[in-house]
Amino acid sequence: MARKVALEIEREIIRLYVEKGKSLRQIAQLLKINTMTVLHVLQRNNVDRRLPKRRLPEETEREIIHLYTEEGRSLREIARQFGIDVTTARAVLQRNNIKQRSCNEAIRQAMRHYNLDEKFFDAVDQPVKAYWLGFLCADGCVRMAETVLPSGRRGHAGIISVNLHINDQQHLEKLRKTLNSDSLVREYEINSRKFVQLQLNSVHLAEALIRLGCVLRKSLILQWPSALPEEFVSDFVRGFFDGDGCLCRNKSGGWHLTFYSGSLHFLQELAKKLHKYCGVSQRKPCQPKGVNCFYIRYSGAEDIKHILDWLYLNSTPEIRLDRKYEKYQVFLHWYKERQKRITGECA
């Protein structure tokens, strides 16, 4: 966060930037202050920013301008898409005399109206709602951002976002359609790896998710949703499994089923539910050394089958991740072949 600094420090910041040619980051490190503080000092004193030396192809610059002005994409999103830094993207706007949006304008841009069923999570009274609640508890991010509304009054923006690997893009499309939203599923790239993001903007929807336990910065404090009806527990757990679960082969050729979470309490409750509904032993969450994360794991073939059969009973393509359901089918084939071998050996 930027802060005010003494006049002497301001003068030193300007000298280092103008006379010595230091970058914002270098100045921040030298003076042990935040980079944003350096930037604000330069802006307050009307010091022109240097443009990066890197020049992009004209076609790329036109696309950046289009994404920023016509589609309302942020500089960070654009930088991710083209594999450049934010400074380079900003320089494209400056070279083309395009005014950059302020922080409040950027938030209001993010709050542009899209069609959305904002009351979807007002009550968890259907399997589809329980499933997506579980998925968002695993892979969603819910936050409230303070902003200045066009009227001048201060207000809040509710933002719900989900980021997945591009291979799971179709799953985000399922969520978008379920919520009757025409918001875009955006593609971006980090270190040559492609991802997709769905961002929904609604204070009402965000507040409903927070009440259900999908809270801000939930990783370490996620709680089991008290408002979840028992009849929809399997749908909720399937959603959580699709986000933070894993079904894998082990080195010996068998299988293991794992659920991950940063919340010890949540996994303890999950273990109780699996014991109650699937008849498996109640596992204690484990924590890898040096990692702020817990997991519960099942490795017995019978236990895994009981859990997966329970998870996928009465499920439909709209409320399951295709990739993991296909792996469940592979497991079932392996299990049946294993049973044949056991029966043959006994005979």
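Relevant structure appears above.
A brief look at the structure comes next. On a predicted model such as this, the values are computed, not experimentally measured, just so you know. (Residues numbered from 1 in each chain as written. Predicted model: local features only at pLDDT ≥ 70, side-chain atom pairs only at ≥ 80, totals over all residues. Heavy atoms only, no water.)

A short note on the overall build of the chain
Helix and strand counts for the chain come out as 14 helices and seven strands. By residue count, 44% of the 347 residues in the chain fall in the buried class. Contacts in the chain between residues far apart in sequence, at least 24 positions, make up 65% of those at least 6 positions apart. (Helix = DSSP H or I, 4+ residues; strand = E, 2+ residues; numbered from the N terminus. Buried < 20%, exposed > 50% of the residue type's maximum accessible area, 1.4 Å probe, protein only. Contact = heavy atoms within 4.5 Å.)

Some words on the sheet that holds strand 7 (residues 294–298)
What the three strands build is an open sheet, ordered 5-6-7; its pairing is antiparallel. At either margin of the open sheet sits one strand with a lone partner, and together these are strand 5 (245–249) and strand 7. For this sheet the average axis-to-axis angle between neighbouring strands, irrespective of direction, equals 20 degrees. As paired strands, strand 6 (residues 255–261) and strand 7 are joined by five bridges and run antiparallel to one another. The residue of strand 7 that forms the bridge with T258 is R297. Here helix 12 (residues 264–278) sits on the sheet and contacts strand 6 and strand 7; the angle it forms with strand 7, its principal contact strand, is near 20 degrees. Packing of helix 13 (residues 301–312) onto the sheet brings it into contact with strand 5, strand 6 and strand 7, and relative to strand 6 it is tilted by some 55 degrees. (Pairing = 2+ DSSP bridges. Axes fitted to C-alpha atoms, helices over the stretch in contact; angles between N-to-C directions.)

Focus on helix 8 (residues 127–139)
Given a rise of 1.5 Å per residue, 13 residues ought to cover 18 Å, and the 18 Å separating the end C-alpha atoms of helix 8 matches this to within 8%. Among the 13 residues that make up helix 8, 10 are buried, leaving the element largely enclosed by the rest of the structure. Taken residue by residue, helix 8 has K129, A130, Y131, W132, L133, G134, F135, L136, C137 and A138 as its buried positions. (Expected span 1.5 Å × (residues − 1).)

Some details on the packing of helix 1 (residues 7–18) against helix 2 (residues 24–31)
Between helix 1 and helix 2, whose axes approach to 10 Å, the crossing angle comes to 140 degrees. Our classification of the angle between helix 1 and helix 2 gives oblique. Judged by the twist between their axes, the crossing of helix 1 over helix 2 is right-handed. When helix 1 is examined against helix 2, the residues I9, E12, I13, L16 and Y17 are found in contact with a partner set consisting of L24, I27, L30 and L31. For the contact of helix 1 with helix 2, the class distribution of residues is eight nonpolar, no polar and one charged. (Parallel < 35°, antiparallel > 145°, perpendicular 65-115°, else oblique. Left-handed = near helix turned anticlockwise from the far one by under 90°. Nonpolar A, V, L, I, M, F, W, Y, C, P; charged D, E, K, R; others polar.)

What to know about the environment of S263
If you trace the backbone, S263 turns up in the loop between strand 6 and helix 12. Once the C-alpha coordinates of S263 and L222 are considered, the two residues, 41 residues apart in sequence, prove to be 5.6 Å apart. When residues no more than four places from it in sequence are discounted, the contact partners of S263 are S219, L220, I221, L222 and F294.

A word on the environment of L212
Tracing the backbone shows L212 in the loop between helix 10 (203–211) and helix 11 (233–244). On a C-alpha basis, the gap between L212 and Q223 in space is 9.0 Å, while along the polypeptide they are 11 residues apart. With sequence-adjacent residues up to four places away left out, L212 is seen in contact with F121, V124, L133, P225 and A227.

A few points about the state of the cysteines
Following the criterion strictly, the structure yields one disulfide and no others. Paired through a disulfide, C246 and C248 show a sulfur-sulfur distance of 2.5 Å. For the unlinked cysteine C141, the closest cysteine sulfur is that of C214, found at 8.6 Å. (Disulfide = S-S within 2.5 Å.)

Re the nonpolar core
Formed by 66 residues in total, the largest nonpolar core has its most connected members in F121, F236, V237, F259, L274, L308 and F331. The element contributing the most residues to this core is helix 8, with eight residues. Non-local contacts of F121, meaning those with residues more than four positions away in its chain, are made with K129, W132, L133, L136, L205, A208, L209 and L212. Counting residues in each nonpolar core, the second largest holds 13 residues, with V5, L16, I27 and V38 among its members. (Core = buried A, V, L, I, M, F, W, Y, C linked by side-chain atoms within 4.5 Å.)

Let's talk about the environment of L311
Relative to the assigned elements, L311 resides in helix 13. Overall, L311 belongs to the buried group, its relative accessible area being 0%. Taking the C-alpha atoms as reference, L311 lies 5.6 Å from R238; in sequence the two are 73 residues apart. Apart from residues lying up to four places away in sequence, L311 is in contact with S234, V237, R238 and F241.

Observations concerning the pattern of salt bridges
One pass over the structure, following the stated rule, counts 17 salt bridges. For D303, the salt bridge identified is with R283, shortest N-O distance 3.5 Å. Placement of D303 in helix 13 and of R283 in the loop between helix 12 and strand 7 is noted, with a sequence separation of 20 residues between them. Between K305 and D309 there is a salt bridge whose closest N-O contact spans 2.5 Å. (Salt bridge = Lys/Arg side-chain N within 4 Å of Asp/Glu carboxyl O.)

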